[in-house]
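Working through the structure, step by step
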Number of protein chains: 2
Amino acid sequence: MEKVGIGVDVGGTGIKLGLFQPDGTILKKWEFPTDTSENGTHVLPDIAESIRKTMEETFQGKVELIGVGIGVPGPVQPTGYVEVGVNLHWREMYPARELSDLLGGVRVEVGNDANVAALGEAWRGGGEGAANAVLLTLGTGVGGGVIMNGEIVTGKHGLAGEVGHIHVRDGETEPCNCGAVGCLEQIASATGIVREARRRLAQEKTRDSGLRALGDKLTAKDVCDLGRAGDGLADEVMETVAKYLGETISMLCMTIDPEIFIIGGGVSRAGAYLLDKIKVYYDRYTKISQNRGRVVLAELGNDAGIYGAVKLVLG
Amino acid sequence: MEKVGIGVDVGGTGIKLGLFQPDGTILKKWEFPTDTSENGTHVLPDIAESIRKTMEETFQGKVELIGVGIGVPGPVQPTGYVEVGVNLHWREMYPARELSDLLGGVRVEVGNDANVAALGEAWRGGGEGAANAVLLTLGTGVGGGVIMNGEIVTGKHGLAGEVGHIHVRDGETEPCNCGAVGCLEQIASATGIVREARRRLAQEKTRDSGLRALGDKLTAKDVCDLGRAGDGLADEVMETVAKYLGETISMLCMTIDPEIFIIGGGVSRAGAYLLDKIKVYYDRYTKISQNRGRVVLAELGNDAGIYGAVKLVLG
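Residues numbered from 1 in each chain as written. Chains lettered and ligands numbered in written order. Predicted model: local features only at pLDDT ≥ 70, side-chain atom pairs only at ≥ 80, totals over all residues. Heavy atoms only, no water.

The name an unreviewed UniProt entry gives chain A is Glucokinase, with Stomatobaculum longum as the organism. Quoted verbatim from the Sequence similarities (unreviewed entry) field of the UniProt record, the comment on chain A reads "Belongs to the ROK (NagC/XylR) family." (UniProt positions renumbered as here; feature names shortened; annotations may be inferred.)

This is the structure:
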């Protein structure tokens, strides 16, 4: 009987699932909205029910489910313990154990969603199978994940891969969501890019920029698009973003020196325009050797989570 | 027959050796000067000869040598290849393979000396057996090593653990030895501390400080000692050193989140005075969680290398 695995990416608004062959070929992909009512107690039963239904209706029991991997928002301890899953209203859970019970004992593994996405991108995305990779996800915040020897590095306390909260900027005055000041996330997230652009517009009141007319509607995409199109102020904002990303990548290179650095998240849609800028600063801060990890763009988009999740049980 | 391992720490001026029981108990320690003549071709034969002699004369063949670990200056590729060992005048060597041949096929493993010291400190020093640890060695330069799952992380290109060349200071104008600008080593090494102190003295010409009278003889130890004794300018220099060390440790925490950070090297003799300052900044830049790795002082001093080296073959 054909063996399959399922990857689940649990988000605050939607849950994505993918059914895979052991080599990573995807056979079916589906999703449904997250029911976060009653302290998120419906989330895991809903996932179990959806998996059971799909196994019966689509595959009529003709495949063998060897395991389910699940990526969840919030820190996951090396033991699988989730103290708080804010968006799901979870508290003090062992989601893998609970989902396994709901599925009659099927093997279930859990990981932090950003870390799991890193595993997905390293395995079947921009990382092209790299056993050692780091993903930096530039979205509303900046997340990421560290993959070593083909596995997620969670760290002793579940803090590994929290690259968005690396301190990069002295002199920053506003606090980051984490409570510290000068985090990468404050500059290189979509939110950070908008903040940076607004600051510049306020500081340089007489300078012409296409960003000015956008007013409150200004988005990170506008900054990327206008920067690429030659708008001086927008381009300088993206230069600043690239500087701190290049610096962070350089630091990661001299800490764990992976094969590949993968830039993902909505901001990475800026593509080669951003990537080329990042490489300039990566080079500037990594003079110690030219022989070092490459920087590439993520390739799986929103599917990185289901790929990485299923990899947790495909080994 | 009792099994033993030997750890060798190869330096530019001296070679240290230690003979250990498998549990890390040291039975004998000795050293001899490094002969770097003729492109360092005597180094490995001298080590082999010294090992053979000790095994015969001291132990009269009553112990079984299960392996030799060797720490060497310069980057070591994951394959054991050493492209350049500057202080030894080595070029394009496989030191482990060569030493093994010289010792009649005994198992030999090689690592970069700073990485090997990290393994020693994690195993039997300040790390107290931690499987996941980072050592920052504050000596003439700043070196270090990353230990994960009880093993040295070399990285894909041998750059892992090069924590001295992490970019920490924007606005620095002088270049580091590595060619980049603003590296941790430029501030937190013994050389960096002296440089920082001299800069301050030049900038604040009218300010009183015990450092001023020392003139060209000023050392990092003077800065530590005077700072601890309440000299304002010296204390501010050490505050700057601690800030960038705290920042680096915070960054390592949010990258790989080890159990423990170990501060070693000559500068670490500043002890609690330095450690307490570092912790303030580590805390400031790591607001994301209070549950995180501890920062401690190294304990093995110059013996870290032989402990770590032998651990390479004791598994």
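Here the narrative resumes, following the displayed structure.
Moving on: the overall build of chain A. On a plain count of helices and strands, chain A comes out with ten helices and twelve strands. Taken over C-alpha atoms, the radius of gyration comes to 20 Å for chain A, in line with the 20 Å a tight globule of 315 residues would show. Seen through its principal axes, chain A has C-alpha atoms that stretch 65 × 45 × 35 Å. Restricting to contacts in chain A with at least 6 residues of sequence separation, those with at least 24 account for 62%. As displayed, chain A offers around 12700 Å² of accessible surface, 48% of which is attributable to carbon and sulfur atoms. (Helix = DSSP H or I, 4+ residues; strand = E, 2+ residues; numbered from the N terminus. Rg over C-alpha atoms; globule rule 2.2 N^0.38 Å. Contact = heavy atoms within 4.5 Å. Areas by Shrake-Rupley, 256 points an atom, 1.4 Å probe, with all protein chains shown as cover.)

Residues and elements named next belong to chain A. Assignment of secondary structure puts Ser-250 in helix H8 (residues 232-253). In the structure, Ser-250 is positioned 20 residues away from Gly-230 in sequence and 27 Å away in space, judged by C-alpha atoms. The contact partners of Ser-250, leaving out residues within four places of it in the chain, are Tyr-282, Tyr-285 and Thr-286.

With a probe scaled to a water molecule rolled over the atoms, the places where space remains empty come into view. If you walk through the whole model with that rule in mind, you get one cavity of 30 Å³ or more. Taken as a whole, the largest cavity holds about 90 Å³ of empty space. Secondary structure elements with two or more residues in the lining of the largest cavity: H8 of chain A together with helix H8 (232-253) of chain B. For the lining of the largest cavity, the residue count by class is six nonpolar, four polar and two charged. (1 Å grid on protein atoms, 1.4 Å probe; cavity = no way out; pocket = protein on both sides within 12 Å on 5 of 7 lines; lining within 4 Å. Points joined across faces, edges and corners; volume = space filled by probe spheres on them. Nonpolar A, V, L, I, M, F, W, Y, C, P; charged D, E, K, R; others polar.)

Core analysis: the biggest nonpolar cluster contains 100 residues, and A:Leu136, A:Val223, A:Leu274, B:Leu136, B:Val223 and B:Leu274 have the highest contact counts within it. Apart from the residues lying within four places of it in its own chain, the contact partners of A:Leu274 are A:Leu138, A:Met238, A:Val241, A:Ala242 and A:Val267. (Core = buried A, V, L, I, M, F, W, Y, C linked by side-chain atoms within 4.5 Å. Buried < 20%, exposed > 50% of the residue type's maximum accessible area, 1.4 Å probe, protein only.)

Residue and element names in this part refer to chain A. Taken domain by domain, chain A comprises domain 1 (2-122 + 303-314) and domain 2 (130-298). The C-alpha-based centres of domain 1 and domain 2 are spaced at 29 Å. Contacts between the two partners involve 13 residues from domain 1, matched on the other side by 18 residues from domain 2. Carbon and sulfur atoms make up 62% of the surface buried where domain 1 meets domain 2, a total of about 1100 Å² over both sides. Viewed at the interface, domain 2 and domain 1 are joined by zero salt bridges. (Domains from an automatic or database assignment. Buried area = accessible area lost by both parts, 1.4 Å probe. Salt bridge = Lys/Arg side-chain N within 4 Å of Asp/Glu carboxyl O.)

Both copies of the chain are placed relative to one another by a rotation about an axis and a shift along it. Rotating chain A by 180 degrees and translating it 0.0 Å along the rotation axis places it on chain B, where the RMSD comes to 0.0 Å. Between the two chains, the operation in question is that of a two-fold axis. Looking at chain A, 100% of its interface residues are interface residues in chain B too, so the copies touch through the same face. (Least-squares fit on C-alpha atoms with pLDDT ≥ 70 in both.)

Turning our attention to the pattern of salt bridges. All names here are of chain A. What the rule picks out here adds up to 48 salt bridges over all chains. Salt-bridge contacts for Glu-239 lead to Lys-277; the nearest nitrogen and oxygen are separated by 2.8 Å. Of the two residues, Glu-239 is situated in helix H8 and Lys-277 in helix H9 (residues 272-285); the sequence distance between them amounts to 38 residues. Arg-292 is the salt-bridge partner of Asp-283, the closest N and O atoms lying 2.7 Å from each other. Residue classification places Asp-283 among the partly exposed residues on the basis of a relative accessible area of 25%. Several salt bridges converge on common partners, so that one network encompasses Arg-169, Glu-172, Glu-174, Arg-195, Glu-196 and Arg-199.

All names here are of chain A. Within helix H7 (residues 220-228), burial applies to Ala-220, Val-223, Cys-224 and Gly-227. Buried residues in H7, looked at end-on, bunch into an arc of 95 degrees, giving them a common side. Here the buried face of H7 lies against helix H6 (190-203), H8 and H9. The positive-phi residue at the C-terminal boundary of H7 is Gly-230, with phi of around 105 degrees. (Arc of directions from axis to C-beta.)

Another aspect to go through is the packing of aromatic side chains. The final tally for this structure, using the stated rule, is eight aromatic pairs over all chains. Taking the centre distance of 5.2 Å and the plane angle of 45 degrees together, the rings of B:Tyr81 and B:Tyr94 count as tilted. Here the residue B:Tyr81 occupies a position in the loop between strand E4 (63-72) and strand E5 (82-85), and B:Tyr94 occupies one in the loop between strand E6 (90-93) and helix H3 (95-102), the gap between them amounting to 13 residues. These aromatic residues form a ring-pair network of at least three members: A:Phe20, A:Trp123 and A:Tyr307. Stacked on the ring of A:Tyr244, the Lys or Arg A:Lys243 has its end atom at 4.8 Å from the ring centre. (Phe/Tyr/Trp six-rings, centres within 6.5 Å; stacked < 30°, edge-to-face > 60°. Lys NZ or Arg CZ within 6 Å of the ring centre and 35° of its normal.)

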